[in-house]
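Secondary and tertiary structure notes
Residues per chain are reported as follows:
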Amino acid sequence: MQLLRFIPGNYLSDNLHRVELYNPGPQAARLDNWLLVTRDYVFCFPAGTTLGADRRLSLAKDRQPNRPVDIRLLGHPNFMIKLYSRKVEGNYCALLDARGQLVEGFYFAELAFVPFLPDSGGCYRDNQPFEACYRLPPEQSPRWKYLPVGYDPAVGFEQASGHWRLISARSTENLYPTTAFAELSARYREGAVVIRATTRFEDGLTGLILERGETLEALQPIARIETAGTSRQPQDYLFYDTTAQPNRTYYYRMRSAEAPGLATESKIVEVETYMPPVEFRLEVLYDERGPSVRYASVLTQVVVIKLLDERWREWAILHEGLVYADTPHLLRLEAEGLPRGRYRVVAATETRRYLAELIID
C-alpha cells in the first residue's frame, strides 16, 4: 500500500485537502481499522473498506465540482480533528495498518528535525472515542520520507519512483495568477502585530487583502493593501494591525484581491499578542565533558550564534539558520584548541542580540 498524493491545504480554512492511496499489488487489500493520520486529523477506515489491485482511493475534506472523491472526511463518524500551533510550519501524512504499524509516512518542513514528531493520540470509530489509537515514530525512522520545503498552501506532494515531489494543490490550476507569495510573517511588537509579506511577482495585481481570525475557520478581511501592480521582481509589504487585542491568539493570511477561485492565497501564520518576559534564552553550561550552549526561542525565526573573544573578534559561527519556536537546543562546544580566557557567545535574532560569557580554563 502506498501514499500517492498528499495535498495539505489549510484544512480548517479551505477545501483543497486531499490524500490518495494506491495499491500496487496483484490482489485487493482490506483496510479495516487502518488509520490515516496527519497533523490536522485522524481517520479510521471503516469495516469493509477495500482497495482493488492497481487501484486508487481518494480522501478529501469535502466534495468539489469535477473532483471525485471516494471518502468524504467532513462529518464522517470515524474522523477526529486535531488542533495544533502554527508556530512551527510543516505537516505529515502517515498510513498505519490495523495493528498500528506505520506502513508509510511522509513529512515536510524547512528542517529535517521537527518538534511535531514523534506523535501519538486517539481516534473515533462510529463516533466513539478510543484513546491511544496510534503512536508514530520519530523522524529518524526509515519509514519516514522527507522533503525539505516550507509550508505553501498552493502546493501539494506526490510520490513517484519512491521519491516525493511538488505538485499544484488545485485540481484546476489558475493559468494566469496575478501573484505568488514568497513569505508571510507576523510578530507582536509594542501593542501591534507587524505583518510582512513578499510577493514573488505581480502581473496586474490590483491589491492584497489581509485576513485575520481567532480561529482558522473564521478568517475575515481586515485591510486592503495597495501593491506595485506589475513587477517581475519580489515586492515587500509591511502592515501594522493596531486593532489586535492583547493576550489573544490570531491567525493571518494574505490573498490577492480577486474573485473566489481566482485569488492566490498565502500560508496562514499564527501570532500570540503578548510580550514574553524573555523572547530568546541563551546560556553556557559546564560539565565533565566541557562547555555547552543551550538556547531556545519563543518564535520560529532565523538566529545566528557566534563565538567571540574579549576583543570581539570572531572565532566561530556556532549556528546560522532557523530555530523552531519553543524547542530547546543544546550545542556542545569543541573547546580544544581555544586559548584560555574569556569569550562571548552572541546570538543575533530578528530584533536584538543576546550575550552569554564563556570561560576556558
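What the protein contains, in helices and strands, is zero helices and 31 strands. Viewed in the frame of its principal axes, the protein has a C-alpha envelope of about 70 × 55 × 40 Å. Residues classed as buried in the protein amount to 50% of the 361 residues present. On the protein, roughly 18,600 Å² of surface is accessible, and the fraction owed to carbon and sulfur atoms is 49%.

The next point concerns the sheet that holds strand β11 (residues 102–108). Sheet strands associate in pairs through backbone hydrogen bonding, adopting either a parallel or an antiparallel arrangement. Taken together, the six strands give an open sheet; going across it, the order is β9-β5-β4-β10-β11-β14, and neighbouring strands pair in mixed fashion. Each end of this open sheet is capped by a strand with a single partner; those strands are β9 (79–81) and β14 (144–147). Direction aside, neighbouring strands of the sheet carry axes that sit 10 degrees apart on average. Judged from the four bridges that link them, strand β4 (residues 35–38) and strand β10 (residues 91–96) form a sheet pairing that is antiparallel. Paired with Leu35 across the two strands is Leu96, which belongs to β10.

This brings us to the nonpolar core. Of all hydrophobic cores here, the largest spans 30 residues; its most connected members are Val19, Leu21, Leu36, Phe43, Phe45 and Leu59. Where this core is concerned, the elements lending two or more residues are β1 (2–7), β2 (18–23), β5 (41–44), β7 (55–60), β10 and β11. Leaving out residues up to four positions away in the same chain, Phe43 has contacts with Trp34, Leu35, Leu36, Leu59, Ile71, Leu73, His76, Asn78 and Phe79. By size, the runner-up hydrophobic cluster in this structure holds 22 residues, among which are Tyr92, Cys123, Tyr134 and Trp144.

Moving on, we get to the environment of Ala112. Mapped onto the elements, Ala112 comes out in the loop between β11 and β12 (119–125). Residue class for Ala112 comes out partly exposed when judged on its relative accessible area of 29%. Between the C-alpha atoms of Ala112 and Asn15, which are 97 residues apart in sequence, the distance is 28 Å.

A few words now on the packing of aromatic side chains. As enumerated under the stated definition, the model contains 18 aromatic pairs in all. An angle of 25 degrees between the planes, with centres 6.3 Å apart, marks the rings of Tyr92 and Phe116 as stacked. Of the two residues, Tyr92 sits in strand β10 while Phe116 sits in the loop between β11 and β12, which places them 24 residues apart along the sequence. Like Tyr92, the residue Phe116 is buried in the burial classification. Relative to Trp144, the ring of Tyr92 lies with its centre 5.8 Å away and its plane at 75 degrees, an arrangement referred to as edge-to-face. Of this pair, Tyr92 sits in strand β10 while Trp144 sits in strand β14; the two residues are 52 residues apart in sequence, bridging distant segments of the chain. A single burial state applies to Tyr92 and to Trp144, both of which are buried. Ring pairs connect the aromatic residues Phe6, Phe106, Phe108, Tyr151, Phe157 and Trp164, which therefore count as one cluster. A cation over an aromatic ring shows up here: Lys61 above the ring of Tyr11, its NZ or CZ 5.2 Å from the ring centre. Of note, Arg352 hangs over the ring of Tyr354, and the distance from its end group to the ring centre comes to 4.3 Å.

A separate point is the layout of surface pockets. To find leftover empty space, one rolls a probe the size of a water molecule over the atoms. Its boundaries defined by the atoms lining it, the largest pocket holds a volume of some 900 Å³. Contributing to the lining of the largest pocket are 41 residues, with Glu183, Leu184, Ser185, Arg187 and Thr300 lying nearest its centre. Where the lining of the largest pocket is concerned, the elements lending two or more residues are β17 (179–189), β18 (192–203), β24 (269–272) and β27 (301–309). If you tally residues by element for the lining of the largest pocket, the top one is β17, at nine residues. Estimates place the volume of the second largest pocket at around 400 Å³. Taken together, 20 residues form the lining of the second largest pocket, with Ala154, Arg170, Pro177, Thr179 and Thr264 sitting closest to its centre. Listed by contribution, the elements that provide at least two residues to the lining of the second largest pocket are β17 and β18. It is β17 that provides the largest number of residues to the lining of the second largest pocket, a total of three residues.

The next thing to look at is the pairing of strand β30 (residues 341–348). Pairing of β27 with β30 involves six bridges; the strand directions are antiparallel. Pairing of Leu308 across the sheet is with Arg344, part of β30. With eight bridges joining them, β30 and strand β31 (residues 353–360) adopt antiparallel strand pairing. When the sheet's bridge partners are listed, Ala348 is paired in β31 with Arg353.

Throughout the structure, instances matching the rule amount to one disulfide. The thiol of Cys44 is unpaired, and the distance to the nearest cysteine sulfur, on Cys123, comes to 5.3 Å. Take Cys44: its relative accessible area is 0%, and that puts it in the buried class. There is no disulfide at Cys93, and the cysteine sulfur nearest it, in Cys44, is 15 Å away. Residue Cys93 is classed as buried on the basis of its relative accessible area, which comes to 0%.

Its place among the elements puts Thr38 in strand β4. Here Asp40 takes part through its backbone nitrogen, which lies 2.9 Å from a polar atom of the side chain of Thr38. With near-sequence residues (within four places) excluded, Thr38 lies in contact with Phe6, Lys82, Asn91, Tyr92 and Cys93.

Cut-offs applied
- Residues numbered from 1 in each chain as written.
- Predicted model: local features only at pLDDT ≥ 70, side-chain atom pairs only at ≥ 80, totals over all residues.
- Heavy atoms only, no water.
- Helix = DSSP H or I, 4+ residues; strand = E, 2+ residues; numbered from the N terminus.
- Buried < 20%, exposed > 50% of the residue type's maximum accessible area, 1.4 Å probe, protein only.
- Areas by Shrake-Rupley, 256 points an atom, 1.4 Å probe, with all protein chains shown as cover.
- Pairing = 2+ DSSP bridges.
- Axes fitted to C-alpha atoms, helices over the stretch in contact; angles between N-to-C directions.
- Core = buried A, V, L, I, M, F, W, Y, C linked by side-chain atoms within 4.5 Å.
- Contact = heavy atoms within 4.5 Å.
- Phe/Tyr/Trp six-rings, centres within 6.5 Å; stacked < 30°, edge-to-face > 60°.
- Lys NZ or Arg CZ within 6 Å of the ring centre and 35° of its normal.
- 1 Å grid on protein atoms, 1.4 Å probe; cavity = no way out; pocket = protein on both sides within 12 Å on 5 of 7 lines; lining within 4 Å.
- Points joined across faces, edges and corners; volume = space filled by probe spheres on them.
- Disulfide = S-S within 2.5 Å.
- Polar contact = N/O pair within 3.5 Å; in protein donor to acceptor, adjacent residues only side chain to side chain.

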